[in-house]
Amino acid sequence: MHLTLGWVAALRLTERPLVGKSGLMTSLFAYAEKVARTDSTLLITGETGTGKDHLARYVHSRSRRAQQAMMCINCAAIPDTLIESELFGYERGAFTGAQQSYPGKFKLADKGTLLLDEIGDLSFPAQAKLLRVIEEQEVFRIGARRSESVDVRIIASTNRDLESMVAEKRFRPDLFFRLNVARIHVPPLRQRREDIPLLFAHFLEEIGQHIGIAIDGTSSEALDCLLRHPWPGNIRELRNVAESLFIDPPHGLVQLQHLPPVVQRCLDGLERAEASERERILTALFATHWNKCRAAKELHWSRMTLYRKLTKYQITKPLD
């Protein structure tokens, strides 16, 4: 089953809640609750910065394993030569520098949950070894003579298109199907803009409480700008914008001029687009001698659309 996460209402995680008010909340929250009550492997997909790790922690916190450890390993951050020792562990003296034994992330997560972050960056050989451990629920430490059993719930996350990687033979299909039991796709922030005001207010409050400074709120002009920004960095970028305001905190509400220039620039593009559209309307009206029916046809609009635009741009026929 493949669902899209649009809203999870202020549900307390191990660190902080996920916040939103998008319309998909009911079904998505219900599905996340159902997944949490099982031991099914979960695959979380979505762009960088959308909060995949927070969703993973929520699922763990609502599971029967909540009192046990949740370990996380970033598959993109660990060199291929070290990934096996990090996942499965090693015995003392197994290789140069192994001065003491290390149990590995699987054993450390025994009875709990293991989050394999950025699973799409795992090398092909490491994928084969991971598949064996998931299927057999036992690990071989490097240098060990026998295996150890583990009881671990697997959650994997990625910002990559694993189906395309499978088709291109860059990701093992057997591992993909083993991971893709339960699945939730976390949408980018630009697809859930109605969550931006609540998220931004939450971050202002959270950061303010942490450093002991309060910001009263956000003006309508600043909020309009936040709603128009494309947010390529998603929720992580939004939080960074909120944090930047505490470097030189505003007195009163957050105003447009307090926002970073990169966020304000979205209004420049909007103004240029509106100016261009206004010019097109005037050109059509003058070309048709202000015959609105003909002008609407020239613009490939309905008459009602033209009338709305005339009101929006305050366009009136000049006096003769």
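Keep in mind the model is a prediction, meaning the values are calculated, not measured.

**Some remarks on the overall build of the chain**
- From N to C terminus, the chain includes 13 helices and ten strands.
- Taking all 320 residues of the chain together, the buried fraction comes to 45%.
- Of the roughly 17000 Å² of accessible surface on the chain, a fraction of 50% belongs to carbon and sulfur atoms.

**With respect to the pattern of salt bridges**
- Going through the model one piece at a time under the given rule, you end up with 18 salt bridges.
- Arginine 64 is the partner of aspartate 39 in a salt bridge, and the nearest nitrogen-oxygen pair spans 2.3 Å. Taken together, the residues aspartate 39 in the loop between α1 (25-36) and β2 (42-46) and arginine 64 in the loop between α2 (52-61) and β3 (70-74) connect sequence positions 25 residues apart.
- Exposure remark for arginine 64: the relative accessible area of 60% places this residue in the exposed category.
- Through salt bridges that share partners, Asp39, Arg64, Arg65 and Asp151 make up one connected network.

**Quick look at helix α9 (residues 220-228)**
- For α9, every residue scored as buried is listed here: Ala222, Cys225 and Leu226. Taken down its axis, α9 places every buried residue within 100° of arc, on the same side.

**With respect to the packing of helix α12 (residues 292-299) against helix α13 (residues 303-312)**
- The interhelical angle for the contact between α12 and α13, taken along N-to-C directions, is 100°, at an axis separation of 9 Å. As summarised for this structure, α12 and α13 are arranged roughly perpendicular, according to the angle between their axes. On the side of α12, the interface is formed by Lys292, Cys293, Ala295, Ala296 and Leu299, while α13 contributes Arg303, Leu306, Tyr307 and Leu310.

**Some remarks on the pairing of strand β7 (residues 153-158)**
- The element β7 is largely enclosed, with a buried count of six among its six residues.
- Burial along β7 is two-sided: Arg153, Ile155 and Ser157 and Ile154, Ala156 and Thr158, pointing in opposite directions, are all buried.
- Bridge count for β2 against β7 is four bridges, and the pairing is parallel. Directly across from leucine 42, in β7, lies its bridge partner isoleucine 155.
- Where strand β4 (residues 113-117) lies against β7, four bridges are found, and the strand directions are parallel. Its bridge partner lying in β7, leucine 115 is registered against isoleucine 155.

**Details of the environment of leucine 114**
- If you trace the backbone, leucine 114 turns up in strand β4.
- What makes leucine 114 buried here is its relative accessible area of 0%.
- Taking the C-alpha atoms as reference points, leucine 114 and valine 152, separated by 38 residues in sequence, lie 6.6 Å from one another.
- Ignoring anything within four residues of it in the chain, the contact list for leucine 114 reads Met71, Cys72, Ile73, Leu87, Lys105, Phe106, Ala109, Val152, Arg153, Ile154 and Ile155.

**Details of the nonpolar core**
- Counting 29 residues, the largest nonpolar core has Phe106, Leu114, Leu116, Ile119 and Phe171 as the members making the most contacts within it.
- Every element with two or more residues in this core is listed here: α3 (80-88), β4, α5 (124-136), β7, α6 (162-167) and α7 (173-179).
- By residue number, the principal contributor to this core is α5, which donates five residues.
- Other than its neighbours up to four places away in sequence, phenylalanine 171 contacts Ile119, Gly120, Phe124, Gln127, Leu162, Met165, Val166, Phe176 and Leu179.
- Core analysis: the second largest hydrophobic core is formed by 23 residues, Ile215, Ala222, Ile235 and Leu259 among them.

**Concerning the confidence of the model for the chain**
- Predicted confidence across the chain gives a mean pLDDT of 86, with 89% of residues reaching 70 or more.
- Confidence drops under pLDDT 50 across residues 1-15; counting only partners more than four residues distant or on other chains, this segment forms 54 contacts.

**Structural notes on the packing of helix α8 (residues 196-211) against α9**
- Where α8 contacts α9, the two axes come as close as 10 Å, and the packing angle between them is 115°. Classified by the angle between their axes, α8 and α9 sit roughly perpendicular to one another. Viewed along their axes, α8 and α9 form a crossing whose handedness is right-handed. The residues of α9 that touch α8, namely those facing Ile196, Pro197 and Phe200, are Leu223, Leu226 and Leu227.
- Counted by class, the contact of α8 with α9 contains six nonpolar, no polar and no charged residues.

The rules behind each value
- Residues numbered from 1 in each chain as written.
- Predicted model: local features only at pLDDT ≥ 70, side-chain atom pairs only at ≥ 80, totals over all residues.
- Heavy atoms only, no water.
- Helix = DSSP H or I, 4+ residues; strand = E, 2+ residues; numbered from the N terminus.
- Buried < 20%, exposed > 50% of the residue type's maximum accessible area, 1.4 Å probe, protein only.
- Areas by Shrake-Rupley, 256 points an atom, 1.4 Å probe, with all protein chains shown as cover.
- Salt bridge = Lys/Arg side-chain N within 4 Å of Asp/Glu carboxyl O.
- Arc of directions from axis to C-beta.
- Axes fitted to C-alpha atoms, helices over the stretch in contact; angles between N-to-C directions.
- Parallel < 35°, antiparallel > 145°, perpendicular 65-115°, else oblique.
- Contact = heavy atoms within 4.5 Å.
- Pairing = 2+ DSSP bridges.
- Core = buried A, V, L, I, M, F, W, Y, C linked by side-chain atoms within 4.5 Å.
- pLDDT = per-residue confidence, 0-100.
- Left-handed = near helix turned anticlockwise from the far one by under 90°.
- Nonpolar A, V, L, I, M, F, W, Y, C, P; charged D, E, K, R; others polar.

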